[in-house]
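# Examination of the molecular architecture
Letter by letter, the chains look like this.
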Amino acid sequence: MSEYGLFMIFFAAAFFNNFVLIQFLGICPFLGVSKRVESSLGMGMAVLFVMTLASLITWMLHEFLLFPLGLDYLRTITFILVIASLVQFVELFVQKASPTLYKALGIFLPLITTNCAVMGLAIMNVTEGLNIIQTLVHALGAAAGFTLVLVMLAGLREHLEIHDVPKPLAGVPVALLAAGILALAFSGFVL
Amino acid sequence: MKAALRMIFVLGLIAAVAGGALAGVNAWTAPIIEENTATRLQETLASVLDADEFELQEDTEQTLWHGYRNGELMGYVVRLRVGSYSPAGIDTLVGLDTEGNVQGVFIFGHSETPGLGDKIEEKWFLEQFIGLGIGDDIARGVDVDGITGATVSANAVMTAVRNSVRFVGEYAGLIDEPGIINLADVPDGTYTGTARGFIDNIVVEVTIEDGKLVSVVVIEENETASYAGPVYDQLPQAMVDEQKIDVDIVSGSTGTSQGLINAVKDALAQFATGDIEIDQLAGGIYRGEALGYDGKIVVEAEIVDGQLVAVTVLEHNDTPGIGGVAFETMIERLLAAQTLDVDAVSGATHSSQGLLDALKDAFRGAPRIEISRMEDGTYFGEAESFGGLLKLKAVVADGQLVSVEVLDHSDTPSYANPAFEEMIEDLLAAQTLDVDLVSGATISSQGLLDALKAALGSAPRLDLSQVPDGTYTGRADSFGGELELEVTVADGVITDITVVSHSDTPDYANPAFEELAETVVDEQDIYVDAVSGATISSRGWLSALEEALRQAVTD
Amino acid sequence: MFGKELIRGIYTENPVFRLLFGLCPALAVTTAADTGLGMGLATTTVLLGSNLVVSLLKNVIPPAVRIPSFIVIIATFVTLVGMTMEAFFYPMFEALGIFIPLIVVNCLILGRAEAFASKNTLGRSLVDAIVMGIGFTISLGLLGAVREILGSGSILGFQLVPGTVDMALVFALPPGAFISLGLMLAALNYIAIRRKEA
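Its identity as a non-glycine residue notwithstanding, Gln 338 of chain B has a phi of 55 degrees, on the positive side. By the secondary structure assignment, Gln 338 of chain B is in the loop between helix 6 (320-337) and helix 7 (349-364). Take Gln 338 of chain B: its relative accessible area is 21%, and that puts it in the partly exposed class. The phi angle at Leu 20 of chain C is positive, at roughly 55 degrees, despite the residue not being glycine. Along the chain, Leu 20 of chain C falls in the loop between helix 1 (2-12) and helix 2 (23-28).

Below, the structure is given as structure tokens:
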């Protein structure tokens, strides 16, 4: 069914249909972790890592197990378990393999389980009938878009912090307004 | 250890109960969901085509339903997916009536940006497609308006409708098969062609050398690079490699692929077999009309033996001084060139083009045969009938059909012979070919009529059976000069043909003459093929032979 | 007693406006009031189910496999709700789309299971699910209503402003979601600050 250019899939996921700003996936970490540019980058890398692996594994589970056996109704339960265990596994692995990387990514990993961008991506890959290569590119695009807007918002928030923001707006409300303006800019891709 | 076992047991139990509960509810809801989906599909199909029963067709290139009302075919519904911003593209349903006109468009599914891309679902946008059909462009700014802020999504829908119309057009046989282009028949050269791609026109240059396609170069285009790139990389190469134009398209870039293929076809269209070739036309009188400079031009053209022998302008409104001269000049050029591909008369381009268009129109129709205008003589013709080839002989004298004789046929005699008799009687009485077929033997009657048309569409021929016994001398121009021969007829049979004198190169001519004489005596037919390698000598010889026998008949 | 709990769910511990839980669906499906309410009800149903089962099993589940067990329980209820909606409330199922399976990653549900239901009695857990669900539903309905009025000039599909008047379409679009929520949070902050000062 889907026979679209890989380039298009990547750019759609990263820009036109940005996972965070246009599709509202991964809002919690977007607001929670976007206080510092450095931590945003860390979160972005962790998401890239988990998104890519989770997409590939869930795609294969769907393609070779759930769909052939007519067990589509177990999709949600399977995918969330895969993502949760994957996050655990990655955390253990990174901790052993590269303590430096663990230091950088470690605290973000548990947050990813409830990052709906990962789950949303996994579901979209199979419902939109992407093949394995398209799935991979879709994951890379989604993660790139996620990291990009996360870092952008963090940059804005770092600046906002040193300015005198009206008290009721301070913190999350002003971050949401900034996100709204970013979303306006991203909507410009389709105009 | 005990704790670990308990952990596994509890988690396993929860998973088992969860799985069981899900399987149970799934068994309950799945049939309901399936039925709802089917009902919704029928309702959706009915929203784009006024029918109450839809039947999914198998083995079609695109998903296709036939729509029926009271058992009568009302039209078709095509479902296809076109690429746009979102990875899954836009899923469309287009309903078309049996003539290929759009009855309704429905967006089956899309994941375009909410608020912008989803404007493609708006009524005003989808309704503007209704009534468009095979002859329409279905393109933004031509017959459909786009959507500000959703250009790409709207264009994708236009492509979907355009492709659906084309698909049904081909599926239902509403679009004529485009002429087949035989690359070997294309003269060397570089040709330019244009066709619409996904977004805009694609212009290509096609180079042919020694009847082979050597290059296809895109010289102008405005396609999306990411989609079109692979098309430009793969298709021209595939065309050159496979030496054909209809190569496999690049999946995902159907619009651009099809555009490129059509542009190449356009470049070579003048050599397509679909074009009019005068020497392939059946004999007879053709009448056609087209628009000239000022109103209608009606022409009549006569074809005899695959030759254009006369063109008459019956009616026109063009400026007499300019138009009249232009017609005369054009007719001269046409008769000389024996093709419609002649230059227009400068200063009277419209009249010239009008004349050509009228001729094209004429030659697309069936010829008419007017017995009263036929030259006196004996005509021979053959056509396919019920059991095989039917051959006949017809005699025209003083503009009247005086006799028709079936020489050979393979139809069942008990049916065919009475039918032939009846047909011939009718034909002679009516003095026109527009007679009713004999019921019960329609195919045989049609065969006779076709053979008669073929006969009267060719030049009259000599009837050997009318040649008295004797030896006759004939002369004609040949390759090196005049050729003279003697032919001997005994008991209505040609027994001997001898060349008395000729000025052709003996090495080539003599063997050819011997071969021709042998064939004519064997087949008792003086209209045989020329000997290859000595064509002009053969023609001279055959002309001299006909001349000799013709004298015998008239003497 | 229940009234006090209700105030907790709707105002003091409002899942969206106070705890910032479930912001993804809160922003995504609130282009209109009806989809916001539909999402709220679907989430409430899952919350009720998961709080019920988690509270019942709180002494059976070993602490080490607590989170995986909760996830399985929640995912089961999400799938059940999804299947039921597809069978009986198809238009709403289609409108909410991918955000139905994504209820599984709504922090509100795992949060209530972990922080409340696994430590409290069945009755209290059910009340908690109901009040939190009502709070979530009201929040989404409110956000949806604001965006529908500003963006389309209608409420629950009923046209308030003549269709000829151009509304601020941006509120129905993604940027409007962020801006509406930001301004509503600011308004709540403003009220809270004023109250503290008073």
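Back to the text.
On to a negative patch on the surface. Where like charges cluster on the molecular surface, the negative patch consists of Glu 421, Glu 422, Glu 425, Asp 426, Asp 434 and Asp 436 of chain B. When you line up the elements, Glu 421 of chain B lands in helix 8 (residues 413-430).

The next subject is the interface of chain C and chain A. Each partner contributes residues to the interface: chain C has 35 residues there, and chain A has 37 residues. Across the chain C/chain A interface, buried area totals approximately 2,900 Å², and carbon plus sulfur atoms make up 88% of it. The largest contributions to the chain C side of the interface with chain A come from Cys 24, Val 105 and Phe 178 of chain C, which together make up 22% of the buried area. At the boundary of chain C with chain A, the tally comes to one residue pair in polar contact (both at pLDDT 80 or more). Grouping the amino acids of the side of chain C that touches chain A by side-chain chemistry returns 31 nonpolar, four polar and no charged.

Residues and elements named next belong to chain C. Averaged over every residue, the pLDDT of chain C is 88; the share at 70 or more is 98%. Mean pLDDT values over the elements of chain C span from 80, in strand 2 (residues 158-159), up to 94, in helix 3 (residues 33-56). As scored by the predictor, the complex reaches a pTM of 0.57 and an ipTM of 0.86.

Take the packing of helix 8 of chain B against helix 9 (residues 442-456) of chain B next. Residues and elements named next belong to chain B. Close contact between helix 8 and helix 9 brings their axes to 9 Å; oriented N to C, the two are set at 50 degrees. Relative to helix 9, helix 8 is oriented oblique. Between helix 8 and helix 9 lies a crossing whose hand is right-handed. Between helix 8, through Ala 416, Ala 419, Phe 420, Met 423, Ile 424 and Leu 427, and helix 9, the contact on the second element is made entirely by Ser 444, Ser 445, Leu 448, Leu 449 and Leu 452. Here the residues of the contact of helix 8 with helix 9 sort into nine nonpolar, two polar and no charged.

Residues and elements named next belong to chain A. Applying the stated criterion across every chain, the model contains twelve aromatic pairs over all chains. Note on Phe 15 and Phe 186: the rings are 6.3 Å apart at their centroids and 20 degrees apart in plane angle, and the pair reads as stacked. One end of the pair, Phe 15, is in helix 1 (residues 6-16); the other, Phe 186, is in helix 9 (residues 172-187), and 171 residues separate them in sequence. A relative accessible area of 5% means that Phe 186 is categorised as buried.

Let us look at the sheet that holds strand 6 (residues 189-196) of chain B. Residue and element names in this part refer to chain B. Taken in spatial order, the three strands make up an open sheet running 6-7-8, and their pairing is antiparallel. Two strands close off the open sheet at either side, each with one partner strand: strand 6 and strand 8 (212-220). For this sheet, the mean angle separating the axes of adjacent strands, direction not counted, is 25 degrees. Helix 4 (residues 225-242) rests against strand 7 (201-209) and strand 8 of the sheet, and its axis sits at about 155 degrees to strand 8.

Criteria and thresholds
Residues numbered from 1 in each chain as written. Chains lettered and ligands numbered in written order. Predicted model: local features only at pLDDT ≥ 70, side-chain atom pairs only at ≥ 80, totals over all residues. Heavy atoms only, no water. Helix = DSSP H or I, 4+ residues; strand = E, 2+ residues; numbered from the N terminus. Buried < 20%, exposed > 50% of the residue type's maximum accessible area, 1.4 Å probe, protein only. Patch = residues over 30% accessible without salt bridge, like charges linked within 9 Å, V, L, I, M, F, W, Y side chains within 5 Å. Areas by Shrake-Rupley, 256 points an atom, 1.4 Å probe, with all protein chains shown as cover. Salt bridge = Lys/Arg side-chain N within 4 Å of Asp/Glu carboxyl O. Lys, Arg positive; Asp, Glu negative; His and termini not counted. Charge placed at Lys NZ, Arg CZ, Asp CG, Glu CD. Contact = heavy atoms within 4.5 Å. Buried area = accessible area lost by both parts, 1.4 Å probe. Polar contact = N/O pair within 3.5 Å; in protein donor to acceptor, adjacent residues only side chain to side chain. Nonpolar A, V, L, I, M, F, W, Y, C, P; charged D, E, K, R; others polar. pLDDT = per-residue confidence, 0-100. Axes fitted to C-alpha atoms, helices over the stretch in contact; angles between N-to-C directions. Parallel < 35°, antiparallel > 145°, perpendicular 65-115°, else oblique. Left-handed = near helix turned anticlockwise from the far one by under 90°. Phe/Tyr/Trp six-rings, centres within 6.5 Å; stacked < 30°, edge-to-face > 60°. Pairing = 2+ DSSP bridges.

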